[in-house]
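Close look at the chain arrangement
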Amino acid sequence: MIKFFRKIRQKTLIKNKFGKYLTYAIGEIILVVIGILIALSINNWNENRKDSIEEEDILESLLENLKLSKIQSELLINEEKRLKQDLIQLLGIDADTTQKNSKIISDSTFKNAVWDLQSDMPTFNAYNNLKSTKKLSLIKNKNINEKFTELEFRLNKLDDILDDRLSVHQIRIDDILENDVNFIILIKSNVTNINIDNESKNNYSQLLKNKRIRNLLGMKLSFTQDVIDFRENLDEEIKDIKILIEKELRENNESTTSVHRK
C-alpha cells in the first residue's frame, strides 16, 4: 500500500500537481500512524492478556494459602479453647453448675493448664512473597487488596497480644512451676521412662487456695480469652478474603468463557 502511494506521489511530482502530492503524502503518513497504533494496540492486548493470566495464577496461589491458613486458624482456636476450659476447671469456676468443680485434679490436668501456651499463628507465605515482589498490584479488584491490608492489621494485633501473654507467662506464671510444685511429677506424662515413686506428691487442691496462684492463673485465663477473641476475628477475616477471591476467580472464568463463545 505504501509503495502504491509512493508511485502516485512520484507521478504527481512529475506533473507538478503539488496539491495532489500533498494529499497522497498525508495519506501515507496516516497509514503509517494507523499501522503504529494497530501494533501498539496488539502489544497492549498481549500485555493485558499476560497480566490477566498472571493475576489468575496469583489469586489461585493466594486462595490455596488461605485454605491452609483457615485450617491452621481453626486448629489454633480449638487449642486455645481447650486451654481456657482447663483453666476454668482448675480454678473451679465453671459457670455450668452441672460440672463438679471439686473433682480430683490430676498431674496432667494441672500441667496442661499451667504449662501449655500456644504462640503460633496461621501462615500467609504466598501473600508475603507476592508483597515482597510487588506483584499484588496485578490484582485488579481493590477490595481484595484492602482486605489483605485489614488482615495484616489483625495479624499484628494478634502478634501483640500473644507477645504480652508470653511475657507475663515467662515472668510470672512459670514461677508457679519453679517454686510452688514438684515439677518432676509433672513431666511423667511426656517423659514416661522415669521413676517418680520417691517424689513428693503435689497437693493441687491446697495449692489452688493460694491467692497469688489463683490470681496468676486468672491472669492467664483473661489473656487466653483475649487471644481467642483476636484469633476468631482473624479467622473471620481469612474467611471473607477466601470468599472474595473465589468470587473473583469465578467471575473471571465466566467472563473468559463468554468471550470464547462469541
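Residues numbered from 1 in each chain as written. Predicted model: local features only at pLDDT ≥ 70, side-chain atom pairs only at ≥ 80, totals over all residues. Heavy atoms only, no water.

**Concerning the packing of aromatic side chains**
What the rule picks out here adds up to three aromatic pairs. Judged by centre distance (4.4 Å) and plane angle (20°), the ring pair of Phe-110 and Tyr-204 falls under stacked. With a gap of 94 residues between them, Phe-110 in helix H3 (residues 107–115) and Tyr-204 in helix H7 (residues 204–207) connect regions that are remote in the sequence. With respect to class, Phe-110 is no different from Tyr-204; both count as buried. An angle of 5° between the planes, with centres 4.6 Å apart, marks the rings of Tyr-127 and Phe-148 as stacked. Of this pair, Tyr-127 sits in helix H4 (residues 125–132) while Phe-148 sits in helix H5 (residues 142–179), placing them 21 residues apart in sequence. The residues Tyr-127 and Phe-148 share a single accessibility class, namely buried. (Phe/Tyr/Trp six-rings, centres within 6.5 Å; stacked < 30°, edge-to-face > 60°. Helix = DSSP H or I, 4+ residues; strand = E, 2+ residues; numbered from the N terminus. Buried < 20%, exposed > 50% of the residue type's maximum accessible area, 1.4 Å probe, protein only.)

**With respect to the pattern of salt bridges**
For the structure shown, the criterion picks out 17 salt bridges. The shortest N-O distance in the salt bridge between Arg-212 and Asp-175 comes to 3.2 Å. Of this pair, Arg-212 sits in helix H8 (residues 211–261) while Asp-175 is found in helix H5, placing the two residues 37 residues apart along the sequence. Owing to a relative accessible area of 33%, Arg-212 belongs among the partly exposed residues under this scheme. On the basis of relative accessibility, which here comes to 24%, the residue Asp-175 falls in the partly exposed class. The structure contains a network of salt bridges with shared partners spanning Lys-147, Glu-150, Arg-154, Glu-237 and Asp-240. (Salt bridge = Lys/Arg side-chain N within 4 Å of Asp/Glu carboxyl O.)

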